[in-house]
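Descriptive structure summary
Chain by chain, the residues run as shown.
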Amino acid sequence: MAVFGQAVGLKTHIWQNNTRSAILLAGFPVLLVGLLFGVQVLMMGFGLLPNSGGSLSRDLALAASMLGWTVPTALVAAAVWFVIAYFGNQAMIDAMTGARKVERRVEPELYNLLENLSISRGLRTPTLRIIESPSLNAYASGLHEGNYSVTVTRGLMQTLSRDEMECVLAHELTHVINKDVRTMVIASIFAGIISVIAELVFRSLFYMRGGRNRDNKNAMPLILIGLAIGVIGFGLATVIRMTLSRTREYVADAGAVELTKNPDAMISALRKVSGQSKIEAPDELRGMFLDNTADKADFAGLFATHPPIEKRIAALVKFAGGRDEGPWGATPPAPRASTAVPTT
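Residues numbered from 1 in each chain as written. Predicted model: local features only at pLDDT ≥ 70, side-chain atom pairs only at ≥ 80, totals over all residues. Heavy atoms only, no water.

**Overview of unusual backbone geometry**
Phi at Lys179 is positive, roughly 70°, even though this residue is not glycine. Here Lys179 is to be found in the loop between α5 (162–177) and α6 (180–205). Phi at Lys261 is positive, roughly 60°, even though this residue is not glycine. On the basis of relative accessibility, which here comes to 64%, the residue Lys261 falls in the exposed class. (Helix = DSSP H or I, 4+ residues; strand = E, 2+ residues; numbered from the N terminus. Buried < 20%, exposed > 50% of the residue type's maximum accessible area, 1.4 Å probe, protein only.)

Written out as structure tokens, the structure reads:
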């Protein structure tokens, strides 16, 4: 079947995601150093670090010279964080979403659906997790074979039919097959921590008071420069999360149809999920979900992590031959392209 968007094949899509993951990993320490410089400049402005006693350029040079010992410390801290995040990313995600692991004996039908889909692609069955929430959502997580998980909400299980649930599981499994899940976890856990660090640091600084800034004529310029660097760093962290191409959802929808041969059920599932998918979770994690309700209020979708469900359904109708019953009743599938000359 046709692949949506500009994806030109599974291998190309996987290569793009592996490249994106490498860029995210490489960008983390670079961004960390930049933010560290901004924090030092800001602390000099507040009088929490000594200044040069001279011009603004000398103060900035002094802040840069401090990087000689602060950068190695920060990189060691980043390396420790990588190790913790690598081995504990699932525990972090579970803590933030409230997901819990379930065995086959607890949810046999759901487990069997996931297992059958995995077997059909020669994959080891991901761990099944459930969030006790009435919201309708799902996501895949994990970094490598044997570590993958597929999580669904209780509301999704109670609302969707068997065929619809199978399509949602196939959608999440496609993220695993395409290696999208690795990129999403890296952006959510690794790069996302930058936003948390920046926010904590800059909020706490405004509650501190220093005594040395009274004699520093460069205090205000240093504070403004430090804030500017912080804003840029915070923005770049957001951009890193947005580098997760929205086409991955189109590809995962296509993969679900390829696995289940049931575009109508995928469309019906998306219809039911639309407007009912809100889960209390950090912004860094919402990009992993089947649907991200917060996108609708995010600058008209400019920085959205997901394409609108209407567009995803339209793609399934156009390229997969699906039938959309729509929110107000049954509608016929989109007409096929014809070479006939229309009559007037």
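**Digging into the side chain of Ser277**
Along the polypeptide, Ser277 turns up in the loop between α9 (263–273) and α10 (283–286). A polar side-chain atom of Ser277 sits 2.6 Å from a polar atom in the side chain of Thr293. (Polar contact = N/O pair within 3.5 Å; in protein donor to acceptor, adjacent residues only side chain to side chain.)

**Things to note about the sheet that holds strand β3 (residues 138–141)**
In spatial order, the strands read β1-β2-β4-β3; together these 4 strands make up an open sheet with mixed pairing. At either margin of the open sheet sits one strand with a lone partner, and together these are β1 (99–102) and β3. In this sheet, adjacent strand axes meet at a mean angle of 30° when their direction is disregarded. With 4 bridges connecting them, β3 and strand β4 (residues 149–153) associate as antiparallel partners. Residue pairing across strands places Tyr139 opposite Thr151, the latter belonging to β4. Strands in contact with helix α2 (residues 56–97) are β1, β2 (127–131), β3 and β4; relative to β3, the strand with the most contacts, it is inclined by about 160°. (Pairing = 2+ DSSP bridges. Axes fitted to C-alpha atoms, helices over the stretch in contact; angles between N-to-C directions. Contact = heavy atoms within 4.5 Å.)

**Notes on the nonpolar core**
If you look at the biggest cluster of nonpolar residues, it comprises 35 residues, and the most contacted ones within it are Leu110, Val152, Leu156, Met165, Val168, Leu169 and Met266. Counting 21 residues, the second largest nonpolar core, distinct from the first, contains Tyr148, Met184, Ala187 and Ala281. (Core = buried A, V, L, I, M, F, W, Y, C linked by side-chain atoms within 4.5 Å.)

**Side note on the pattern of salt bridges**
According to the stated counting rule, one finds 13 salt bridges in the structure shown. The residue Arg154 makes a salt bridge to Glu132 at a minimum N-O spacing of 2.8 Å. Here Arg154, found in helix α4 (residues 154–159), pairs with Glu132, found in the loop between β2 and β3; they are 22 residues apart in sequence, far enough to count as distant. With its nearest N and O atoms 3.9 Å apart, the salt bridge here joins Arg162 to Asp163. (Salt bridge = Lys/Arg side-chain N within 4 Å of Asp/Glu carboxyl O.)

**Structural notes on the confidence of the model for the protein chain**
Any region with low pLDDT has predicted coordinates that should not be read closely. Residues of the protein chain with pLDDT of at least 70 account for 78%, and the chain-wide mean is 81. With pLDDT under 50 throughout, residues 1–8 is counted as low confidence; its partners more than four residues away or in other chains account for 15 contacts. Note on residues 329–344: pLDDT is under 50 here. Beyond four places in sequence and across chains, it has 13 contacts. (pLDDT = per-residue confidence, 0-100.)

**Examining helix α11 (residues 309–320)**
Counted at 1.5 Å a residue, the expected span for α11 with its 12 residues is 16 Å, and the 15 Å between its end C-alpha atoms agrees. Among the residues of α11, Ile309, Arg312, Ile313, Ala315, Leu316 and Val317 are the ones counted as buried. Elements in contact with the buried residues of α11: α5, α8 (247–260) and α9. (Expected span 1.5 Å × (residues − 1).)

**Topic: the side chain of Thr97**
Its place among the elements puts Thr97 in helix α2. In this structure the side chain of Thr97 is engaged in a polar contact, spanning 2.9 Å, whose partner is the backbone oxygen of Ile93. With residues up to four places along the chain from it excluded, the contact list for Thr97 reads Ile131, Tyr139, Ala281, Leu285 and Phe289.

**Remarks on the packing of aromatic side chains**
Evaluation of the coordinates by the stated rule reveals 2 aromatic pairs. An angle of 80° between the planes, with centres 5.1 Å apart, marks the rings of Tyr86 and Phe87 as edge-to-face. According to the relative accessible area criterion, Tyr86 is partly exposed, its value standing at 37%. (Phe/Tyr/Trp six-rings, centres within 6.5 Å; stacked < 30°, edge-to-face > 60°.)

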